[in-house]
Amino acid sequence: MSGALGRFRFMAYVVGVGLLGLVVAMFVKYLGDNPGMMAVVGPVHGFLYAIYLVLTVDLALKARWSLKGTALVLLAGTIPFVSFYAERKVVESVRAERAL
C-alpha cells in the first residue's frame, strides 16, 4: 500500500499546485481579459486531476475507505488548498491503518 500512498501524495501536491495555477489563470482571464493562460493551464489541470482521481480510487480500494471518505478526498482536488489538507489527513489515516 505504500506505493499507492506515495503516488497519491505526489498527485495531491501536483493537483494542489495546479489548482492554484488555475485560480491565477482565471484571474488573468476574467480580470485581465486575457484567456491565453487559461487555455493552457485549464486542460493541463484537468488531465492531472483525472490522474489524481484514478490514483485516489486505487488507494481508497486498497485502504478500504468508505464511499463518503473517498468522495470527500476526490472533491479535495477541486478546492484551492484543500488537497494539501486532505493529503495530510489521508497519510495520517493510512499510516494508522484507519479507514476514511
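Use the structure listed above.
None of these values were measured; they are calculated from a predicted model.

## Quick look at the packing of helix α2 (residues 36-63) against helix α3 (residues 67-75)
Here's step 1: Direction vectors running N to C along α2 and α3 enclose 155°, while the axes themselves pass 10 Å from each other. With respect to each other, α2 and α3 are oriented roughly antiparallel. In the packing of α2 onto α3, the handedness of the crossing is right-handed. Facing Tyr-49, Tyr-52, Leu-53, Thr-56, Val-57 and Ala-60 of α2, the residues of α3 in contact are Thr-70, Val-73, Leu-74 and Leu-75.
Here's step 2: Among the residues making up the contact of α2 with α3, the classes are represented as 8 nonpolar, 2 polar and no charged.

## What to know about unusual backbone geometry
Excluding glycine, a negative phi dihedral is what most residues carry, and trans is how most peptide bonds are arranged.
Here's step 1: Residue Asp-33 is not a glycine yet carries a positive backbone phi of 50°.
Here's step 2: Its location among the elements puts Asp-33 in the loop between α1 (2-31) and α2.
Here's step 3: Of the residues examined, Asp-33 reaches a relative accessible area of 69% and is grouped as exposed.

About the criteria used
- Residues numbered from 1 in each chain as written.
- Predicted model: local features only at pLDDT ≥ 70, side-chain atom pairs only at ≥ 80, totals over all residues.
- Heavy atoms only, no water.
- Axes fitted to C-alpha atoms, helices over the stretch in contact; angles between N-to-C directions.
- Helix = DSSP H or I, 4+ residues; strand = E, 2+ residues; numbered from the N terminus.
- Parallel < 35°, antiparallel > 145°, perpendicular 65-115°, else oblique.
- Left-handed = near helix turned anticlockwise from the far one by under 90°.
- Contact = heavy atoms within 4.5 Å.
- Nonpolar A, V, L, I, M, F, W, Y, C, P; charged D, E, K, R; others polar.
- Buried < 20%, exposed > 50% of the residue type's maximum accessible area, 1.4 Å probe, protein only.

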